[in-house]
Each structure stands twice: as C-alpha cells, then as structure tokens.
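Observations on the three-dimensional arrangement
The chain contents come next:
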Amino acid sequence: MFKGFKEFIAQGNVIDLAVAVVIGGAFTAIVNAVVSSIINPIVALFFEADAAGNFGPTLTNIYGNPVTFPLGDLISAIISFIAVALVVYFVFVMPMNKYKERQAAKNPAVEEETLPNEQELLIEIRDLLRKNSEV
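1. Side note on the overall build of the chain
- Helix and strand content of the chain: four helices and two strands.
- Listing the helices and strands of the chain from first to last along the sequence gives α-α-β-β-α-α.

As structure tokens, this is what we get:
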C-alpha cells in the first residue's frame, strides 16, 4: 500500500501540481487586487452601484423593487480566471513542455519491436503443436 503511494509521490507530477497550486493561490491574490482596484472602477463608470455596493444593470421586479444584476462580480471573476490561467500556462506548462521536448530529443525513445497480433500468435502455436506431434 505504501509502496504504491511512494511511487506516486516520486513521479514528480504531484510536486509539479503542488507548486502550481501554491503559486496559483499567491498569484490569485495579486489578480484580485488588480481587478478590485482597476477593473471594478472601470465597470462602475458604466453602471451605478446599488445600496449593497453591487453594480450592474438594474431592473424592477414584479413588486416594484429594484433588482441589480451584479455583473461587476462576474466580470471580475472572469478576468481573474483568465489572468491566472495565462500565468500558469506561460510560467509552468509551456516551459515544462519545452523541457520535456529537449529531454526527448537528447534521449530518443527506443522503439520496441511490434508485438504480434492474436492471429499471428495462434498460427505460431498451431505450427509448434503440429511440429511437436510429428516428432
């Protein structure tokens, strides 16, 4: 049980994932600060904030009360996601792919001989059985 876990940890994928999560979390704080200090004010230029501080288009419900659709939060979340995804791709994924390509070029994979298919194996077994029965 522990042997399999040890092999899983030693593969390196877990370490790569852990680094990505930690760096992604740290970068998310930066992106959220940029969104709240730059993007939200730009969106607020086009929409007036309601009493709760939400800004977006306001419609009147069937009881005559105003209802604000907080598009600012949605826009902020989308921009945050795209920014974090771009950084993770350009900082982690792309360099790792280039590294793997260079390693593959240095150590070309040895091509294994193609294994015979089931029919070829059955024919070989039949021929061996015939040969053994003749002797």
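2. Things to note about the pattern of salt bridges
- One pass over the full model with this rule turns up one salt bridge.
- Asp127 serves as the salt-bridge partner of Arg126, at 3.2 Å between the closest nitrogen and oxygen.

3. Looking at helix α3 (residues 71-106)
- The end-to-end C-alpha distance of α3 is 51 Å, a good match for the 52 Å that 36 residues give at a rise of 1.5 Å each.
- Where α3 bends most, at Tyr89, the angle is about 40 degrees.
- Listed as buried for α3 are Gly72, Ser76, Ser80 and Val84.

4. Comments concerning the packing of aromatic side chains
- For the structure shown, the criterion picks out one aromatic pair.
- Ring geometry for Tyr89 and Phe90: centres 5.1 Å apart, planes at 80 degrees, overall edge-to-face.
- Classification of Phe90 as partly exposed rests on a relative accessible area of 47%.

5. Considering the confidence of the model for the chain
- Averaged over the chain, the pLDDT score is 77; the fraction of residues at 70 or greater is 82%.
- Taking the mean pLDDT of every element in the chain, the minimum, 70, falls on helix α1 (residues 2-10) and the maximum, 88, on helix α4 (residues 118-134).

6. Focus on the environment of Phe81
- Looking at the element boundaries, Phe81 is found in helix α3.
- Owing to a relative accessible area of 61%, Phe81 belongs among the exposed residues under this scheme.
- It is 8.8 Å that separates the C-alpha atoms of Phe81 and Val31, two residues lying 50 residues apart in sequence.

7. A word on the environment of Val91
- Relative to the assigned elements, Val91 resides in helix α3.
- Considering only alpha carbons, one finds Val91 and Ala20, 71 residues apart in sequence, at a separation of 9.4 Å.

Conventions and cut-offs
- Residues numbered from 1 in each chain as written.
- Predicted model: local features only at pLDDT ≥ 70, side-chain atom pairs only at ≥ 80, totals over all residues.
- Heavy atoms only, no water.
- Helix = DSSP H or I, 4+ residues; strand = E, 2+ residues; numbered from the N terminus.
- Salt bridge = Lys/Arg side-chain N within 4 Å of Asp/Glu carboxyl O.
- Expected span 1.5 Å × (residues − 1).
- Bend = angle between axes of the 7 residues up to and from the residue.
- Buried < 20%, exposed > 50% of the residue type's maximum accessible area, 1.4 Å probe, protein only.
- Phe/Tyr/Trp six-rings, centres within 6.5 Å; stacked < 30°, edge-to-face > 60°.
- pLDDT = per-residue confidence, 0-100.

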